Amino acid sequence: MSKLTFDCFTKKIYIKAPMEKLYWSWGTSEGITSWFLSDADYVSASGEKRATDENIQPGDTYTWKWHNWDSNEIGKVLKANGTDFLEISFADSKVSVSLEDHDKAVLLVLKQYEISTDEDSKLSIHHGCSNGWTFWLTNLKAYLEHGILLNETEYDLRNIPLSGYEFVNM
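The notes below deal with the structure included here. Small disclaimer: the values here were computed from a predicted structure and weren't measured. (Residues numbered from 1 in each chain as written. Predicted model: local features only at pLDDT ≥ 70, side-chain atom pairs only at ≥ 80, totals over all residues. Heavy atoms only, no water.)

## As for the pairing of strand E6 (residues 93-102)
Taken residue by residue, a regular strand's side chains alternate between the two faces of the sheet.
Here's step 1: Sheet topology note: the strand E5 (residues 85-90)/E6 ladder contains 6 bridges and is antiparallel. When the bridges of E6 are listed, Phe90 appears paired with Ser93.
Here's step 2: Counting the residues in the hairpin turn of E5 and E6 gives 2 residues, including Ala91, whose phi is positive at 50 degrees.
Here's step 3: Two elements, E6 and strand E7 (residues 105-113), share 9 bridges in a ladder whose sense is antiparallel. From the neighbouring strand, Lys94 faces E7, where its bridge partner is Tyr113. (Pairing = 2+ DSSP bridges. Helix = DSSP H or I, 4+ residues; strand = E, 2+ residues; numbered from the N terminus.)

Structural data, given as structure tokens:
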């Protein structure tokens, strides 16, 4: 990406953790619910629910449930190599996560792309997801490097108008 556009964005962060732990954090139900979601179910292409510690596979479908949000995200695992790359359908777009070993840390590169450029998508997907991923990647770093979670779990924010746009730790 040579210039900023509304159809995609990239977020990067160095995290001092083993690559295997980072992949587990994204590629298993157990991992992704440790820092990001309240619940995550993955179902194989043959219709079998994956075990919580089992790596996702291409063709799996998923249902994610959020903290402090009543709606679910339903999508598909498009690519997953078990070590350093995965790609999913997400919010009427695609998200890829790649991991690059850099000696003392892993560079995590998240790309969200194929975002529609209508006004609603610019606000809810580009702006909303870009802000959201910035927080959640920071939360992942805090969790893996320091054992703390920054997201709000004590207060129920679901009935506060615009909470998803105003609270930084939703």
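## Details of the side chain of Ser130
Here's step 1: Here Ser130 lies in helix H3 (residues 119-146).
Here's step 2: Polar contacts involving the side chain of Ser130 include one to the side chain of Lys11, which spans 3.1 Å.
Here's step 3: Here Ser130 is in contact with Phe9, Lys11 and Ile125, once residues within four sequence places are set aside. (Polar contact = N/O pair within 3.5 Å; in protein donor to acceptor, adjacent residues only side chain to side chain. Contact = heavy atoms within 4.5 Å.)

## Focus: H3
Here's step 1: In this model H3 runs 39 Å from its N-terminal to its C-terminal C-alpha over 28 residues, within 8% of the 40 Å that 1.5 Å per residue would give.
Here's step 2: The largest bend along H3 reaches roughly 25 degrees and is located at Cys129.
Here's step 3: A side-chain oxygen of the first residue of H3 lies 3.2 Å from the backbone nitrogen of Asp120; this N-cap is Asp118.
Here's step 4: Just downstream of H3 lies Gly147, where phi reads positive at about 70 degrees. (Expected span 1.5 Å × (residues − 1). Bend = angle between axes of the 7 residues up to and from the residue.)

## A short note on the environment of Gly132
Here's step 1: Within the fold, Gly132 resides in helix H3.
Here's step 2: Given a relative accessible area of 22%, Gly132 falls into the partly exposed group.
Here's step 3: Between the C-alpha atoms of Gly132 and Tyr165, which are 33 residues apart in sequence, the distance is 9.1 Å. (Buried < 20%, exposed > 50% of the residue type's maximum accessible area, 1.4 Å probe, protein only.)

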